[in-house]
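Residue-level structural notes
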Amino acid sequence: MQRVQLYVEDKDSNLQLVDLFQDETLQVTSTIQDVKDIGKIFTDYSQTFNVPASTTNNKIFRHFYNYFIINDENDPTSNNAYDSRKKKKAEIHLNYMQFRRGKIFLNNVKMKGDKPYSYSLTFYGETVSLKDLIGDDELTDLTYLTNYNHKYTNLQVQSGLEAGIDKVVNSTLQEKAVIYPLITSKKRLFINSDSTTSNIELNSTGNLYHNSSSPDTARGLEFTDLKPAIKTIHIIEAIESQYNITFTRDFFSSTAFSNLYLWLNNVKGNYDEEEDLFEYNVESTNYSSDTGYAPYTLTNTDISEVTFQSDIMSITKSTSHDYQIGMRSDFTPAWTGGAFQTIFVECDASGNTIEEYVVPHFLPSTTTFLSFFRVFEASDPSGVKHFKFKIKSKGVLILTTPRIFAIKYNSGISGGEIEAYSDTNVSVEGIASSIDVNLTKEIFMPKMKVIDFLTGIFKTFNLTAYFIDDISDPKFGQIYVDTLDNYYADATNNRLGATIDIDKYLDTSEHTVESILPFTDVEFKYKENEALLMRQHEEAFNEVFGDAEFNVRRNFKDKIDRGTKYEIKIPFTHLKYERLIDSSLEAQDLGSNSSSSTGQTGQTLLQWGYSAGGDFNPDTSIDPPTGDYESLAVKPLLFYGILETGLPASSKINWIYNGAAGVPISSYWRPSNSNEEGSITVAPSFTLNFDQEFDEWNATDYVGVIGQQSNSLYEKFYKKYVEGVFNPAKRVFKVTAYLPPNILVNYKLNNQIKIQDQVFRINSITTELTTGKSELELLNIFSEDIIE
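Residues numbered from 1 in each chain as written. Predicted model: local features only at pLDDT ≥ 70, side-chain atom pairs only at ≥ 80, totals over all residues. Heavy atoms only, no water.

Details of the overall build of the protein
Regarding its fold elements, the protein presents 12 helices and 46 strands. In the protein, which comprises 788 residues, the share counted as buried stands at 53%. If you take every contact in the protein between residues at least 6 apart in sequence, the share linking residues at least 24 apart comes to 72%. Accessible surface for the protein amounts to roughly 34500 Å². Of this, 46% is attributable to carbon and sulfur atoms. (Helix = DSSP H or I, 4+ residues; strand = E, 2+ residues; numbered from the N terminus. Buried < 20%, exposed > 50% of the residue type's maximum accessible area, 1.4 Å probe, protein only. Contact = heavy atoms within 4.5 Å. Areas by Shrake-Rupley, 256 points an atom, 1.4 Å probe, with all protein chains shown as cover.)

Written out as structure tokens, the structure reads:
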């Protein structure tokens, strides 16, 4: 018989020893990846168990049954009442050796008569509590991401396209943290070096060709065509910072993850098409009488009724008059077109918003912004009103000499005597030739829960995770993250070695052998999208580009008539990219799946992505004409960023801005489904396709033509486990063993179990801790999979 100790966090955050029933069973089930549900990540959990309502336990659980115990409303730090809505830190020990760390949840209290008898508890492992810690927070809640805010300007975006944007975060240089990949949301890109053609599709704004002898001023790529992307490791760092956790870098520092980016596209079209995207806060620090509003005439300079403090204007109405407030500024639009408006926000003395006053204006008919709004009528009762000023625009503005003012009409009629009070020291936060790309705003950061981002990364690469609770481990307190294959291979570093022989602890009276085949098919699916190349690929090949299916019947060529289909759904979207061909040299349909070599006529070094679909929409009413498809707001997109440098003349991008002659771009960030270039004979190391797909950059089918092994996500991260599970010789062995404390405390779920010279992998272990009786689900493994 083994002695079990349970420690639970008290109101002072100290772990206290809990009294246990002598005859109470406490079972803990451990599993890292269950063959019956391969798309989920598991950790330790327990069945519900009871502890006595002893004096010690009543103190720990603060007499939960007594609902008269409440917290002091006048003392926000008081915690007299036990909050059963929250899990508490807990540890389970065996013979005073730590067995598991985790959280305890108080379910209920059983009463006998009018006295408490027992508390019902459930223990959860640390990794399970990760979801509780993160909750429903969105990526926009990760304040660490503000480290990657930057100005959305022509020069900044050009730099992000040509080289990437470096950031210094916590004194550490992060190179290429943000990039602007060649992915467009609206403009259809192509190359046509025949500048004499008049064809709408070849002569429209999307022609990237740079004519060095006569650079075009209106056709090509401009900064508003592009949106940024952030390196995914920095989102991982933001999660760590927000929730005070640390993931190991076993996978997150690997080649498969190092140049993975998340595209910041949460809206259709370009940023400059969004209403109220550009927002500026107006602050004022001084005021005086103002004579600058002819033909009005000041009659006195008493300004006691109007005050400015930071971003709040306050007006006190005490006589028979009315007030108008307003703002005036000269401006220059940073690019052609766009509407803008000023917002007067009434607020209380604390700055809390009550209502908004909206006065719209339109660009570019004027270059002076002048707006009035009446806020007090002559008949209004006396009182104080507070106002905040903001400018929102559809387009970036450059504002000069901004000022805000209040005008008092003494007589209440037009032409009467007035007093004008104007701020003479106005600052407008953010006013420049740009705005901040703020990664905590949904207009930029894709709408996605943090936990969905994490589980999406885990499912994409078949990662596993667990909390390292071994205090002797150098990574103690971190969350281990690596691929499932690497996790099993790491068993050699376990305290008990890779293999545990349990022959002498085995109950040999009986055991069960079961079939392992739970599914007929396993499907891997990205989020559906209607992007042009994705749709064309599905129409041409009757399959979704990047998705995959492992069909048991087809792979094993046996008649299998049991099981169901299993889907692993990835919360990210997927795009097929296009390597551009100079259409004046060789006509090629958008989305062609040709398998010709990289030496084909007219091939450029430009590859782009297109977040658009629907029908082609040419517009010849403008000059130059456009020829685009309908923009899409695709779900969060992962891609590999590859920096292409030294572009030859035939591949240089014509970069246009504000009517000036286009400048040549000779390097750019290429969006890719492969992590590296590869060649027509050697496949890249990793791809984001679950299935073996035609490589867009090298125009090669590595498996079908070259005969190489696929480097798809399925091949690299799922095949060994999935096909091992579905092997006809695979079985589930259910055995019983009475494991000693030394094994229970030190075993890991990647340990191999040896029984009579046969080696097995652990699918799950359920242990009754007081007796050590363990029900093991084991999978037989074959010689090539055994870790020595």
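That was the structure; now back to the text.
A closer look at the packing of aromatic side chains
In this structure the tally under the stated criterion is 31 aromatic pairs. Where Tyr480 meets Tyr487, the ring centres are 5.8 Å apart and the plane angle is 55 degrees; that geometry is what we call tilted. Of the two residues, Tyr480 and Tyr487, both sit in the buried class. Taken together, the ring pairs in this structure connect Phe247, Phe251, Phe252, Phe257, Phe461, Phe686 and Phe717 into an aromatic cluster. (Phe/Tyr/Trp six-rings, centres within 6.5 Å; stacked < 30°, edge-to-face > 60°.)

Regarding the confidence of the model for the protein
For the protein, per-residue confidence averages 82 on the pLDDT scale, and 77% of positions sit at 70 or higher. Across residues 291-303, where pLDDT falls below 50, the model places 28 contacts with residues more than four positions away in sequence or in other chains. For residues 334-339, every residue scores under 50 in pLDDT, and the model assigns this stretch 20 contacts once sequence neighbours within four places are set aside. (pLDDT = per-residue confidence, 0-100.)

Here's the deal with the pattern of salt bridges
On inspection of all chains with the given rule, the structure shows 19 salt bridges. The partner of Asp225 in a salt bridge is Lys187, and the shortest N-O contact between them spans 2.9 Å. Here Lys187 lies in the loop between strand S12 (183-184) and strand S13 (229-231) and Asp225 lies in the loop between S12 and S13, a separation of 38 residues in the sequence. The exposure classification of Asp225 matches that of Lys187, with both residues buried. For Glu523, the salt bridge goes to Lys525, with nearest N and O atoms at 3.4 Å. According to the relative accessible area criterion, Lys525 is partly exposed, its value standing at 30%. Residues joined by salt bridges that share partners form a network here, namely Glu523, Lys525, Glu567 and Lys569. (Salt bridge = Lys/Arg side-chain N within 4 Å of Asp/Glu carboxyl O.)

Examining the pairing of strand S46 (residues 773-780)
Successive residues of a regular strand alternate their side chains across the two faces of the sheet. The buried fraction of S46 is high, at 6 of 8 residues. By the bridge criterion, 8 bridges tie strand S45 (residues 758-768) to S46 in an arrangement that is antiparallel. Bridging from a neighbouring strand, Ile765 pairs with Leu776 of S46. The antiparallel hairpin formed by S45 and S46 contains 4 residues in its connecting segment, where Gly772 sits at a positive phi of about 80 degrees. (Pairing = 2+ DSSP bridges.)

Describing unusual backbone geometry
Trans peptide bonds make up most of the peptide bonds, and negative phi angles are found at most residues other than glycine. Phi angles above zero are rare outside glycine, and Ser13 is one such case at about 70 degrees. Position of Ser13 among the secondary structure elements: in the loop between strand S1 (4-9) and strand S2 (15-18). Residues other than glycine seldom take positive phi values, yet Asn542 does so here, at roughly 60 degrees. On the secondary structure map, Asn542 appears in the loop between helix H8 (532-541) and strand S33 (548-551). Judged by its relative accessible area of 70%, Asn542 falls in the exposed class.

Examining the environment of His321
Among the structural elements, His321 can be located in the loop between strand S18 (312-317) and strand S19 (322-333). Residue His321 is classed as buried on the basis of its relative accessible area, which comes to 2%. Sequence separation of His321 and Ser379 is 58 residues, and the distance between their C-alpha atoms is 7.8 Å.

A word on H8
Of all the positions in H8, only Leu532, Leu533, Met534 and His537 are classed as buried. Buried residues in H8 make contact with strand S35 (578-581), strand S36 (603-610), strand S37 (612-619) and strand S38 (626-631). Asn542 sits one or two positions beyond H8 and adopts a positive phi of about 60 degrees.

As for the packing of helix H4 (residues 232-243) against helix H6 (residues 450-461)
One can describe the packing of H4 onto H6 by two numbers: an axis separation of 12 Å at closest approach and a directional angle of 130 degrees. As judged from the angle between their axes, H4 and H6 are oblique. In the packing of H4 onto H6, the handedness of the crossing is left-handed. Residues Thr232, Ile235, Ile236, Ile239 and Tyr243 of H4 touch H6, and the partners they reach there are Val450, Phe453 and Leu454. Here the contact of H4 with H6 is built from residues that sort into 7 nonpolar, 1 polar and no charged. (Axes fitted to C-alpha atoms, helices over the stretch in contact; angles between N-to-C directions. Parallel < 35°, antiparallel > 145°, perpendicular 65-115°, else oblique. Left-handed = near helix turned anticlockwise from the far one by under 90°. Nonpolar A, V, L, I, M, F, W, Y, C, P; charged D, E, K, R; others polar.)

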